[in-house]
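Descriptive analysis of the structure
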Amino acid sequence: QVQLVESGGGLVQPGGSLTLSCAVSGSFFSLRVMGWYRQAPGIQRELVADITRGGTANYDDSVKGRFTISRDNAKNTIFLQMTNLRPDDTAVYFCNADVTLTLIGTNRDYWGQGTQVTVSS
């Protein structure tokens, strides 16, 4: 089975910084696009940022200039460096991976369990 495990969430003050990590484990051939999503109570889950295997990143307008997504392909891990955090960044952050399971091109999306980020004084 393929599993995604997020880490690095917690409580931070406004203007502070936090880095999230997501490690993928299990049986698979390769990882394609990976990304971070977030969801607050009563709000639809939204894309924060994603990144291709080659390192091309895409960001939601609300985090451009503040967040940086990166990946370490050798370790099957992605990161989200968050700076200048705002209270409205508070949410559960979920890791997502488009996983190639076999050499014949079977691809499926997998999700992590989520990690809580709370920005508050």
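Scroll up a little and you will see the structure.
Residues numbered from 1 in each chain as written. Predicted model: local features only at pLDDT ≥ 70, side-chain atom pairs only at ≥ 80, totals over all residues. Heavy atoms only, no water.

Digging into the nonpolar core
Residues Trp36, Val48, Phe67, Leu80, Met82 and Tyr93 are the most contacted members of the largest nonpolar core, which totals 29 residues. Looking at this core, the elements that each hand over two or more residues are β3 (18-25), β4 (30-39), β5 (46-51), β7 (67-72), β8 (77-82), β9 (91-100) and β11 (115-119). Among the elements that line this core, the one with the most residues is β9, at five residues. (Core = buried A, V, L, I, M, F, W, Y, C linked by side-chain atoms within 4.5 Å. Buried < 20%, exposed > 50% of the residue type's maximum accessible area, 1.4 Å probe, protein only. Helix = DSSP H or I, 4+ residues; strand = E, 2+ residues; numbered from the N terminus.)

A closer look at the side chain of Arg38
Secondary-structure assignment places Arg38 in strand β4. Judged by relative accessible area, which is 7%, Arg38 ranks as buried. Polar side-chain contacts of Arg38 include one of 3.2 Å to the side chain of Ser62. For Arg38, the side chain forms a polar contact with the side chain of Asp89, separated by 2.9 Å. (Polar contact = N/O pair within 3.5 Å; in protein donor to acceptor, adjacent residues only side chain to side chain.)

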